[in-house]
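Secondary and tertiary structure notes
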Amino acid sequence: MAKLLDVKNLKTYFYTDDGVATAVDDVSYDVDKGDTLGLVGESGCGKSVSALSIMRLIPDPPGKIVGGEILLKGRDLLKISEKEMRDIRGNDIGMIFQEPMTSLNPVFTCGNQIEEVLILHQKLTKAEAKEKAIESLNLVGIPAPEQRYHEYPHQLSGGMRQRVMISMALACNPEILIADEPSTALDVTVQAQILELINKLQQELGMGVIIITHDLGVIAEVSKRVAVMYASKIVEYGDVYAIFENPKHPYTIGLLSSIPNINKRKSRLSTIEGSVPFPTNFPAGCHFCTRCKFADEKCWNEEPIVVNISSNHTAACWKLDEVEAKRKLITSA
Ligand SMILES: Nc1ncnc2c1ncn2[C@@H]1O[C@H](COP(=O)(O)OP(=O)(O)O)[C@@H](O)[C@H]1O
Ligand code: SF4
Ligand SMILES: [Mg+2]
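Residues numbered from 1 in each chain as written. Chains lettered and ligands numbered in written order. Predicted model: local features only at pLDDT ≥ 70, side-chain atom pairs only at ≥ 80, totals over all residues.

As a further point, take the overall build of the protein. Broken down by element type, the protein carries twelve helices and twelve strands. Computed over its C-alpha atoms, the radius of gyration of the protein comes to 21 Å, within 12% of the 20 Å expected for a compact globule of 333 residues. Taken over the C-alpha atoms alone, the protein extends approximately 65 × 45 × 40 Å along its principal axes. Across the 333 residues that make up the protein, the buried fraction comes to 43%. (Helix = DSSP H or I, 4+ residues; strand = E, 2+ residues; numbered from the N terminus. Rg over C-alpha atoms; globule rule 2.2 N^0.38 Å. Buried ≥ 20, exposed ≤ 12 C-beta atoms within 10 Å, placed from the backbone.)

What follows is the structure in structure tokens.
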């Protein structure tokens, strides 16, 4: 059976004055019904661009999807017309956007904005849409939904606004929800509530969920599987247990060590110094080599191949044995 969503070898580039920015380069990940995939990596690694590619919302120019497949139940979204794609957005795939471009409009009430989605995608009448909008505000745990329906976004707290955005993404009962940094701007307590809500809705509605975050702590809360993205590539991929208990890639190990309550022991291996290079300027070999303590000449010149660690765990690094030996040494010390 075809996967619910199967992203294969996706390449999304931006043709800028400074050269070609290979923002997403040969990226593959998938999500099935009832599954939650966490896509994690620092800012600038290509997470949002990969999600916007799934929605075919990459600004062109300067952006272009130059390779790969995005299969929704086996159907390649890169091969369908714009009109067919408009039906898919909202109806099949709901997205909570990191950037407010498609988020709440300050001049319309929350109710109107949800209704608009319903009228556009489900051809409901105004009265039916109103009823459904209130229902969906209720679904995401907004108290007094009839009243909130008439309120403008600025009248709501950050957490409530995020709930409205989730309800817009879910208004048409999509099979897939993509949540791009859904809790980043919120304080810790509200962040936990939003993640709990996404978890609850995922279980109740049986959707496939992709959660994008720069914070592995968020992944631990919600995901079953994790794709670690660094500088346009997936560097490690596996179930959440494998990634947390047995991380293999130096980048994943570095990310994990930055979660305060997981990493009780700071080590030389654990800090990731430096920053993500800009995508017009990635090294020829492993993109992590500018920051990796293990990097040698091969790393600089040859792109690492993906190694199967187990049936549900892969990592792309030339020096897995050496990294593993060092990690064991440190964790047993
Ligand atoms: N419209 C654009 N033009 C040029 N570069 C872009 C554009 N949008 C994104 N990028 C670049 O693509 C890279 C990946 O961005 P993004 O996917 O937003 O990262 P993340 O979501 O992981 O923080 C960044 O280096 C960003 O500057
Ligand atoms: S391939 Fe080399 S540079 Fe890249 S993560 Fe592995 S050891 Fe570090
Ligand atoms: Mg982003």
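With that out of the way, let us pick up the domain arrangement of the protein. The assigned domain composition of the protein is domain 1 (5-223) and domain 2 (228-332). Computed from C-alpha coordinates alone, the two centres of domain 1 and domain 2 are separated by 28 Å. For the side of domain 1 that touches domain 2, the secondary structure elements donating two or more residues are strand 2 (19-31), strand 3 (36-40) and helix 8 (216-222). Of all the elements, strand 2 adds the most residues to the side of domain 1 that touches domain 2, at eleven residues. (Domains from an automatic or database assignment.)

For the rest of this paragraph, the subject is the site of ligand 2. Taken together, 13 residues sit near ligand 2, with Cys286, Cys292, Phe294, Cys299 and Cys317 positioned nearest. A class-by-class count of the residues in the shell around ligand 2 yields eleven nonpolar, one polar and one charged. (Near = placed C-beta within 6 Å. Nonpolar A, V, L, I, M, F, W, Y, C, P; charged D, E, K, R; others polar.)

For the rest of this paragraph, the subject is the pairing of strand 2. For strand 1 (residues 5-16) and strand 2, the ladder comprises nine bridges, and the chain directions are antiparallel. Note that in strand 2 the partner of tyrosine 15 across the bridge is valine 20. (Pairing = 2+ DSSP bridges.)

Another aspect to go through is helix 6 (residues 158-170). Between its first and last C-alpha, helix 6 extends 18 Å over 13 residues, near the 18 Å set by a 1.5 Å rise per residue. Burial analysis of helix 6 places ten of its 13 residues in the buried class, the great majority of the element. Burial in helix 6 covers these residues: Met160, Gln162, Arg163, Val164, Met165, Ile166, Ser167, Met168, Ala169 and Leu170. For helix 6, the secondary structure elements touched by its buried residues are strand 6 (93-96), helix 3 (110-122), helix 4 (126-139), strand 7 (176-180) and helix 7 (188-205). (Expected span 1.5 Å × (residues − 1). Contact = placed C-beta atoms within 7 Å.)

Taken together, four strands build an open sheet; the order of strands is 2-1-4-5 and the sheet is antiparallel. Strands with a single pairing partner mark the edges of an open sheet, and in this sheet they are strand 2 and strand 5 (75-76). When strand 4 (residues 63-72) meets strand 5, the two strands line up antiparallel, connected through two bridges. Opposite leucine 72, over in strand 5, you have arginine 75 as the bridge partner.

Surveying the vicinity of ligand 1 reveals 17 residues, the closest of which are Phe14, Ala23, Lys47, Ser48 and Val49. Taken together, the elements giving at least two residues each to the shell around ligand 1 come down to strand 1, strand 2 and helix 1 (47-54). Of the residues forming the shell around ligand 1, the biggest block, three residues, is contributed by helix 1. The class makeup of the residues in the shell around ligand 1 is nine nonpolar, seven polar and one charged.

A regular strand carries its side chains on alternate faces of the sheet. Covered by surrounding structure in strand 6 are Ile93 and Met95 together with Gly94 and Ile96, the residues of both alternating faces. Pairing geometry for strand 6 and strand 7, over four bridges, is parallel. Looking across to strand 7, one finds that isoleucine 93 is bridged to isoleucine 176.

The next thing to look at is unusual backbone geometry. Trans peptide bonds make up the majority, and among non-glycine residues the majority have a negative phi. Residue aspartate 60 is joined to proline 61 through a cis peptide bond whose omega torsion reads -5 degrees. Here proline 61 and proline 62 are connected by a cis peptide whose omega angle stands at 10 degrees. With respect to the secondary-structure elements, proline 62 resides in the loop between helix 1 and strand 4. Phi at asparagine 9 is positive, roughly 50 degrees, even though this residue is not glycine. Here asparagine 9 shows up in strand 1. Overall, asparagine 9 belongs to the exposed group, with 11 C-beta atoms counted inside 10 Å.

Packing of helix 6 against helix 7 brings their axes to within 10 Å, and their N-to-C directions diverge by 20 degrees. Classified by the angle between their axes, helix 6 and helix 7 sit roughly parallel to one another. Considering only the axes of helix 6 and helix 7, their crossing is right-handed. Counted together, Gly158, Gly159, Gln162, Arg163, Ile166 and Leu170 of helix 6 and Val190, Gln193, Ile194, Leu197 and Leu201 of helix 7 form the full contact between these two elements. Per-class residue counts for the contact of helix 6 with helix 7 are six nonpolar, four polar and one charged. (Axes fitted to C-alpha atoms, helices over the stretch in contact; angles between N-to-C directions. Parallel < 35°, antiparallel > 145°, perpendicular 65-115°, else oblique. Left-handed = near helix turned anticlockwise from the far one by under 90°.)

Strand order in the open sheet formed by eight strands is 6-7-8-3-9-10-12-11, and the pairing between neighbours is mixed. A single partner strand is all that each edge strand has here, and the edge strands are strand 6 and strand 11 (306-310). Strand-to-strand twist of the sheet, defined as the mean angle between neighbouring strand axes without regard to direction, takes the value 20 degrees. Bridge count for strand 9 (residues 225-230) against strand 10 (residues 233-239) is six bridges, and the pairing is antiparallel. Its bridge partner being in strand 10, valine 226 is matched across the sheet by glycine 238.

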